[in-house]
There are 2 protein chains.
Amino acid sequence: MSQVQRKRSFWTWGHSSDEPTEAERRKVAESIARRTGVAVEPPPVPDLGDIEIRKPRLKVPEALRGWVSTESEDRLLHTYGGHSLELLAALRGRFDNPPDAVAHPRTEEELERTLEWAAGAGHVVIPYGGGTSVVWGLNVPEDTETAVTVDLDCLNAVLEIDRTSRAARVQAGILGPDLENALRPEGLTLRHFPQSFPWSTVGGWVATRSGGHYATNHTHIDDFVESIRMLTPRGWWESRRLPGSGAGPSPDRLVIGSEGTLGIISECWLRLQKRPTFRASAGILFPDWQTGAEAVRQIVQAKLWPANLRLLDPEEAGRAAGVEGSLALLVTGFESADVPQGSNIRAAVAIARECGGSIEDEAIRIDDGTGKATGRGGAVGAWRNAFIGVNAGATNGLGLLSDTFETAITWDRFAEFDGYVRGRMTDVLNRVLGKGASLSCRFTHVYPDGPAPYYSFAGTARLGGEFEQWQEIKAVANEAVVAAGGTVTHHHAVGRMHRPGYDIQRPDLFAEAYRGAKRAVDPRGVMNPGVLIDP
Amino acid sequence: MSQVQRKRSFWTWGHSSDEPTEAERRKVAESIARRTGVAVEPPPVPDLGDIEIRKPRLKVPEALRGWVSTESEDRLLHTYGGHSLELLAALRGRFDNPPDAVAHPRTEEELERTLEWAAGAGHVVIPYGGGTSVVWGLNVPEDTETAVTVDLDCLNAVLEIDRTSRAARVQAGILGPDLENALRPEGLTLRHFPQSFPWSTVGGWVATRSGGHYATNHTHIDDFVESIRMLTPRGWWESRRLPGSGAGPSPDRLVIGSEGTLGIISECWLRLQKRPTFRASAGILFPDWQTGAEAVRQIVQAKLWPANLRLLDPEEAGRAAGVEGSLALLVTGFESADVPQGSNIRAAVAIARECGGSIEDEAIRIDDGTGKATGRGGAVGAWRNAFIGVNAGATNGLGLLSDTFETAITWDRFAEFDGYVRGRMTDVLNRVLGKGASLSCRFTHVYPDGPAPYYSFAGTARLGGEFEQWQEIKAVANEAVVAAGGTVTHHHAVGRMHRPGYDIQRPDLFAEAYRGAKRAVDPRGVMNPGVLIDP
């Protein structure tokens, strides 16, 4: 079984096979010690079997034991999502609040029996996909008496491919690579690549309104969902496969982003695309961040629909792509399965140059699917490699505190917004982590009416004090983006972590309407309580 | 005031100025008589002042009389939407169920006081935009004790234009042309043109999930809404202006399509575009309907995003564009404010030819904004003129029964779906209207995963029996599209007319969730009852 081979690591992002070796960890520790002047040791990785956790507070009925377990290891592995401070707690062997049982239903019938039991008994139910939530979306709430995590890992098949409409019916528990592997022989792709792609699932993408990797036009999972099948405590909710509809508010749009609070997504029909063969890309330098932002605005408003349109501020351009000085880097790219993209990239480059961007003609890379691209990649290639290399946990426990937050704002307010958020963040970072802390930003997604800025920060924490320090910083980030008019999350979801900002930004009456909707399908309020709304 | 100058006609689509003259009506009557062999007279148009209607069943508080009236003419003019059988009833002077009062609030404060009064007193509240509903979306339900229609016609300003983000804050009551006139000097456009455009409002478009005129990519009003401000019986619901967000289910998407059942939309921020200057179009002939459909599928799946991609079946191609024989006509067009569209149209034509379509190179029309287009329009021009000429009521009361219904279906099922729907419709049309009845279809919108077919039928009815005959036909249409897997409406909305199909197609639990949501904002159930759901 592929699940077993690719067992999730409990202390790093990704699978066990992604974990760094002891030698690698030591090397990173030495490099940190050189930089900070303070010696640091990689903490030992505990043996899961040695970790003592709370006894299960419920009894699994005999009939369900084929797929519902109360074994410690399974419960440990489902205690945390993928946020770096959760991984740090796990590395330190702290699993204070594990679920009481973990279900791995292998059929919809087993899923039904699981939910019937759990909802009937009043156990909190936590839907679980890939476990990559970075917003406390899958943790057992503190005040919960009993909780059952429902892992969809065995409901992970591609059930049907409709080549004519270019759509597939897939089970929610399928991981990104498994889905793409199943579609590749058909020449098709979902073309939805969130950064968590290797470890996250279709159900998770739908539940959290995942953003995807592409910068413009159809990139959000919202656009790719043709229909949804979801099990609620009151039974099945299933929408029709429809390419478009104006029949009342979209039922799917109420499920997309519901983060497990309405039910457990079991299947979706997803819209697919032909795999792109035509590609073009360019890396364009700008004298500064705001000049680059103006070029991005003009390119996205020209509706050329680039697959990639990412602006890196000088900090990120330097770190990720080796750009020197105070230049901002715009990485743009086009893709198509059917149409050469040379004219699109040239139109984008022309706009960028008008705005003060520089790139040599020979640095524009155009690939018409012949296998022989023209032009050299330049800064783009360097950046792409930096992006793909995800921090696989080598720094975990070494006193580095780093995190990201992402938002979106309309263009008219962007400059002021960015200044305000950077100001507030610089203050709190200096106060909490000292002057050495870094703050940087890039655009991950861009819309004709505004960008989605993605901020990263990092600094040296007090060993053992990381969580409190992070909390202080995160509170400011939550507060600042919302106070300045943005969204508390653009694609990381709300979970429990973003509630303070979310509770301010969403219309109060929407929250009440949503509570009313939830009550109709989950009358006892067992589905993922505390996420999005209080019961 | 523009509202007064453009007073709505009570018996034809559009304004009084759109009404046909007596001579025009007589000419149409003679032409019908020649065709059917039965003499027919245009019925006299009643004088509104002569029509006796039910006395108002409520008393308007003194303080509200500045904008809430119980005058007969105002109530008459708000009794019906724009469906042809409503216009027929109106022409016959039948206004059995008028609202008891009509409000024309001039400020949000007056809107608040109106809703406070009406909801407090338990009067049914019917939000009213342009009055063009063809689905019984704004009528007083039969079993209602008292009803107040709230016409947004005085809340019709463009309040703010954000040139940087390309967005505008507009009041919901603004009519299409007024909005475009306000945006034109800025070089901007909403570029949303439902067929009702001259007479319908932004609020109506949002409430009914309007489809817009463009065939692919961003055309639905859903895509253009940046935020919504809506007054519910429990107060204001206002979302943030955000270019994108992953923070929980979209609050706006619950309002879009709510058809007045949650509250009264007062304002929206809408995403705008630069006005297109580059255009290209072509009319391509296909040996038959299904061959043309296959070409449409391939073109839309190539993601060239044409503004226009409409396939007309032989019946429509003959009637609307003078195409002879049994050929289907594909009308395609591209538009852009920034990029020449020659290569896109040539790519689309190449696909069409591969699929068996024919067009001479010289018939491809390309306009690069220089004012000198190359190529002749051919069939496209003929079709465009036919489309713009809306039936302005000249046939009203002359015994013609014609109507349309629109749906959407995935490509894999389209051929079978179309065969089934045509079969069921031909049966019922023959039975009810006799052999001379016509049935035809075109695609109004196309998606990579399926088309939105738009069926039209027409025939000769029994004078005085039109409603019953229509009912029998419409029941089959409702039933057939849903039974065959489609949606009961693609862009005409649900209203009360489409409830039988809608109640089958939407997930039952979505209806319950929606009821729960409605209860939270409209506890007494006064907002447009019977539309979408029963209380």
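As shown above, the structure is provided for reference.
As the structure is a computational prediction, the values presented were derived from the model and not from experiment.

1. Observations regarding the relation of the copies chain B and chain A
Here the second copy of the chain follows from the first by a rotation about an axis and a shift along it. If you rotate chain B by 180° and push it 0.0 Å along the axis, it lands on chain A with an RMSD of 0.0 Å. Seen this way, the second copy is the image of the first under a two-fold rotation axis. Taking C-alpha positions as reference, the residue of chain B nearest the rotation axis is G516 of chain B, located at 2.1 Å. Residue by residue, 100% of the interface of chain B is reproduced at the interface of chain A, so both copies engage with the same surface.

2. A look at the sheet that holds strand 6 (residues 167-171) of chain A
Residues and elements named next belong to chain A. Ordered by their spatial adjacency, five strands build an open sheet running 5-6-10-8-9, and the pairing between neighbours is antiparallel. With partners counted over all chains shown, the strands left at the sheet margins are strand 5 (158-162) and strand 9 (235-238), one partner each. The mean inter-strand angle of the sheet, taken between neighbouring strand axes irrespective of direction, is 10°. As paired strands, strand 6 and strand 10 (residues 264-271) are joined by five bridges and run antiparallel to one another. The residue of strand 10 that forms the bridge with Q171 is E267.

3. Regarding the pairing of strand 18 (residues 450-460) of chain B
Two faces, one strand: in a regular strand the side chains alternate between the faces of the sheet. All names here are of chain B. Across the eleven residues of strand 18, nine count as buried, placing the element largely inside the fold. Bridging between strand 16 (residues 400-406) and strand 18 involves seven bridges; their strand directions are antiparallel. Residue T404 lies in a different strand from strand 18, and its bridge partner there is S456. Taken together, the nine bridges between strand 17 (residues 438-447) and strand 18 define a ladder with antiparallel strand orientation. Bridge pairing in strand 18 places R442 opposite Y454. In sequence, strand 17 turns back onto strand 18 through a hairpin of two residues.

4. Quick notes on the nonpolar core
One finds M425 of chain A together with M425 of chain B to be the most contacted residues of the largest nonpolar core, which totals 207 residues. Excluding anything up to four places from it in sequence, M425 of chain B contacts F405, L439, F457, I473, V476 and A477 of chain B.

5. What to know about the interface of chain B and chain A
Every contact between the two is made by 78 residues of chain B and, on the other side, 78 residues of chain A. With both chains or domains summed, chain B and chain A bury close to 6300 Å², and 57% of this area falls on carbon and sulfur atoms. When the buried surface of chain B facing chain A is broken down by residue, R240, P249 and L509 of chain B rank first, second and third, together holding 12% of it. For the pair chain B and chain A, the interface holds six salt bridges. Among the ionic pairs, R271 of chain A bridges to D449 of chain B, the shortest N-O distance being 2.7 Å. For the pair chain B and chain A, the interface holds 32 residue pairs in polar contact (both at pLDDT 80 or more). Every element with two or more residues in the side of chain B that touches chain A is listed here: strand 8 (225-232), strand 9 (235-238), helix 9 (251-255), helix 10 (289-301), helix 14 (411-433), strand 18, helix 16 (499-505) and helix 17 (508-521) of chain B. In terms of residues, the side of chain B that touches chain A owes the most to one element, helix 17 of chain B, which gives nine residues. Looking at the side of chain B that touches chain A, its residues break down into 33 nonpolar, 26 polar and 19 charged.

6. Some remarks on the packing of aromatic side chains
Centre distance and the angle of the planes are the two values used to describe a pair of aromatic rings. A full pass over the atoms with the stated rule returns 36 aromatic pairs over all chains. Considering the side-chain rings of F414 of chain B and F443 of chain B, the 5.3 Å spacing of their centres and the 75° angle between planes classify their relative orientation as edge-to-face. Taken together, the residues F414 of chain B in helix 14 and F443 of chain B in strand 17 connect sequence positions 29 residues apart. Exposure class is identical for F414 of chain B and F443 of chain B. Each is buried. Here R241 of chain A stacks its cationic end above the ring of W269 of chain A, 3.7 Å away from the centre of that ring. It is R506 of chain A that lies over the ring of Y502 of chain A; its NZ or CZ is 5.9 Å from the centre.

7. What about the state of the cysteines?
Residue and element names in this part refer to chain A. Enumeration according to the criterion identifies zero disulfides over all chains in this entry. You can see C268 has no disulfide; the closest cysteine sulfur is in C154, sitting 18 Å from it. Free of any disulfide, C441 has its nearest neighbouring cysteine sulfur in C355, separated by 18 Å. In this structure C441 comes out as buried when scored by relative accessible area, which is 0%.

8. Topic: unusual backbone geometry
Positive phi is not limited to glycine here, since R191 of chain A has a value of about 60°. You can see R191 of chain A is positioned in the loop between strand 7 (188-189) and helix 7 (202-208). Classification of R191 of chain A by relative accessible area gives buried; the value is 12%. Despite not being glycine, W136 of chain B has its phi angle at roughly 55°, a positive value. Along the polypeptide, W136 of chain B turns up in the loop between strand 3 (124-128) and strand 4 (147-151).

9. Section: the sheet that holds strand 8 of chain B
All names here are of chain B. Strand order in the open sheet formed by five strands is 5-6-10-8-9, and the pairing between neighbours is antiparallel. Of all the strands in the sheet, just strand 5 (158-162) and strand 9 have a single pairing partner and so form its edges. Mean inter-strand twist for the sheet, computed between neighbouring axes without regard to direction, equals 10°. In terms of strand pairing, strand 5 meets strand 6 (residues 167-171) through four bridges, oriented antiparallel. Note that in strand 6 the partner of E160 across the bridge is R169.

10. Remarks on helix 15 (residues 466-483) of chain B
For an α-helix, the turn length of 3.6 residues means that residues three or four places apart are oriented alike. Residues and elements named next belong to chain B. With 18 residues, helix 15 should reach 26 Å at 1.5 Å per residue; the first-to-last C-alpha distance of 26 Å fits that figure. Those residues of helix 15 that fall on the buried side of the exposure criterion are E466, Q469, W470, I473, K474, V476, A477, N478, A480, V481 and V482. On its buried side, helix 15 packs onto helix 4 (84-91), strand 16, helix 14, strand 18 and helix 16. Note on helix 15: the residue one or two positions beyond its end, G485, has a positive phi of about 100°.

11. Some remarks on the environment of W11 of chain B
Residues and elements named next belong to chain B. Considering the arrangement of structural elements, one finds W11 in the loop between helix 1 (2-5) and helix 2 (22-36). The exposure class of W11 is buried, given its relative accessible area of 3%. For the pair W11 and L91, spaced 80 residues apart in the sequence, the C-alpha separation amounts to 5.3 Å. In contact with W11, not counting residues within four places along its chain, are E19, P20, R25, V45, L87, L91, G393 and N396.

12. Concerning the side chain of S438 of chain B
Residue and element names in this part refer to chain B. Assignment of secondary structure puts S438 in strand 17. Residue classification places S438 among the buried positions, given a relative accessible area of 19%. In this structure S438 touches E315, R319, L429, S456, F457 and A458, once residues within four positions along its chain are discounted.

Parameters and conventions
- Residues numbered from 1 in each chain as written.
- Chains lettered and ligands numbered in written order.
- Predicted model: local features only at pLDDT ≥ 70, side-chain atom pairs only at ≥ 80, totals over all residues.
- Heavy atoms only, no water.
- Least-squares fit on C-alpha atoms with pLDDT ≥ 70 in both.
- Contact = heavy atoms within 4.5 Å.
- Pairing = 2+ DSSP bridges.
- Helix = DSSP H or I, 4+ residues; strand = E, 2+ residues; numbered from the N terminus.
- Axes fitted to C-alpha atoms, helices over the stretch in contact; angles between N-to-C directions.
- Buried < 20%, exposed > 50% of the residue type's maximum accessible area, 1.4 Å probe, protein only.
- Core = buried A, V, L, I, M, F, W, Y, C linked by side-chain atoms within 4.5 Å.
- Buried area = accessible area lost by both parts, 1.4 Å probe.
- Salt bridge = Lys/Arg side-chain N within 4 Å of Asp/Glu carboxyl O.
- Polar contact = N/O pair within 3.5 Å; in protein donor to acceptor, adjacent residues only side chain to side chain.
- Nonpolar A, V, L, I, M, F, W, Y, C, P; charged D, E, K, R; others polar.
- Phe/Tyr/Trp six-rings, centres within 6.5 Å; stacked < 30°, edge-to-face > 60°.
- Lys NZ or Arg CZ within 6 Å of the ring centre and 35° of its normal.
- Disulfide = S-S within 2.5 Å.
- Expected span 1.5 Å × (residues − 1).

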